[in-house]
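Geometric and topological summary
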Amino acid sequence: MTKDIERVLLSQEEIAAKVAEIGAQISRDYEGKDPIIVSILRGSFIFMADLVRAITIPCTVDFMSVSSYGSGTSSSGEVRIVKDFEGSVEGRHLIIVEDILDSGRTLNYLMKTLKTRGAASIALCTFLDKPDRRVVPVEVAYKGFTVPDSFIVGYGLDYDQKYRNLPYVGVLKPSIYGE
Ligand code: PRP
């Protein structure tokens, strides 16, 4: 697997330090608020698992799965909720956890949808941000790293559903995705 990686962009050590920092920040900001931490599957599962262990206040966890309508850049940005989270969010504080913010279409739509459900607050926590690719605005409360517009995999991010289990974030060799 590592032979397909051109270079390491974010090492395990850098990631661990950043996740600890975000976990501490969330613990301070949500003291006494018992937030629901919601992971958007599948890409965020590794970040989510590390993040919640860096959070030192009481919280609950849940999971959502979404899929985009249409394909590529012509997509309307509308997303279908494939798996919703359990129970009511009325009056609760939600923290949405994503692996990467790219065009922003998925999160822009999802945040709008979730805002209609009566939560006390909704904040987005994304591990990575590719601002060069943004098409629609998305407000981010917690961000791990800003990354360039290159093909990256690992720490939950895939190419063709593979490489998610790499413990670091690496740039994929162009020969792998056919350029
Ligand atoms: C990724 C990521 C976000 C979305 C971001 O998910 O987890 O949900 O794309 O892209 P956008 O900002 O352009 O909307 P993906 O569809 O690759 O699914 P995955 O999490 O299962 O890998």
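Residues numbered from 1 in each chain as written. Predicted model: local features only at pLDDT ≥ 70, side-chain atom pairs only at ≥ 80, totals over all residues. Heavy atoms only, no water.

Turning to the pattern of salt bridges, a few remarks are in order. What the rule picks out here adds up to 12 salt bridges. For Arg92, the salt bridge goes to Asp34, with nearest N and O atoms at 3.7 Å. A residue pair is termed long-range when its members are at least 10 positions apart, and Arg92 in the loop between strand S4 (79-83) and strand S5 (93-101) and Asp34 in the loop between helix H1 (12-29) and strand S2 (36-41) qualify at 58 residues. Close ionic contact of Asp129 with Lys143 constitutes a salt bridge, the shortest N to O distance being 3.0 Å. Separated by 14 residues along the polypeptide, Asp129 in strand S6 (residues 121-129) and Lys143 in strand S7 (residues 142-146) bring together distant segments of the chain. (Salt bridge = Lys/Arg side-chain N within 4 Å of Asp/Glu carboxyl O. Helix = DSSP H or I, 4+ residues; strand = E, 2+ residues; numbered from the N terminus.)

Around the ligand sit 14 residues in total, of which Glu98, Asp99, Ser103, Gly104 and Thr106 are the nearest. Here Gly43 contributes a backbone N or O atom positioned 2.8 Å from an oxygen atom of the ligand. Between the ligand and Thr106, the relevant distance is 2.5 Å, taken from an oxygen atom to a side-chain nitrogen or oxygen of the residue. Here the ligand has 500 Å² of accessible area as a free molecule, and 73% of this is covered by the chains. When contributions to the shell around the ligand are tallied by element, the ones reaching two or more residues are S5 and helix H3 (105-115). The element best represented in the shell around the ligand is S5, accounting for 4 residues. Residues that form the shell around the ligand fall into these classes: 3 nonpolar, 4 polar and 7 charged. (Near = heavy atom within 4 Å. Polar contact = N/O pair within 3.5 Å; in protein donor to acceptor, adjacent residues only side chain to side chain. Areas by Shrake-Rupley, 256 points an atom, 1.4 Å probe, with all protein chains shown as cover. Nonpolar A, V, L, I, M, F, W, Y, C, P; charged D, E, K, R; others polar.)

From the geometry alone we can't say anything about function, so treat these as descriptive.
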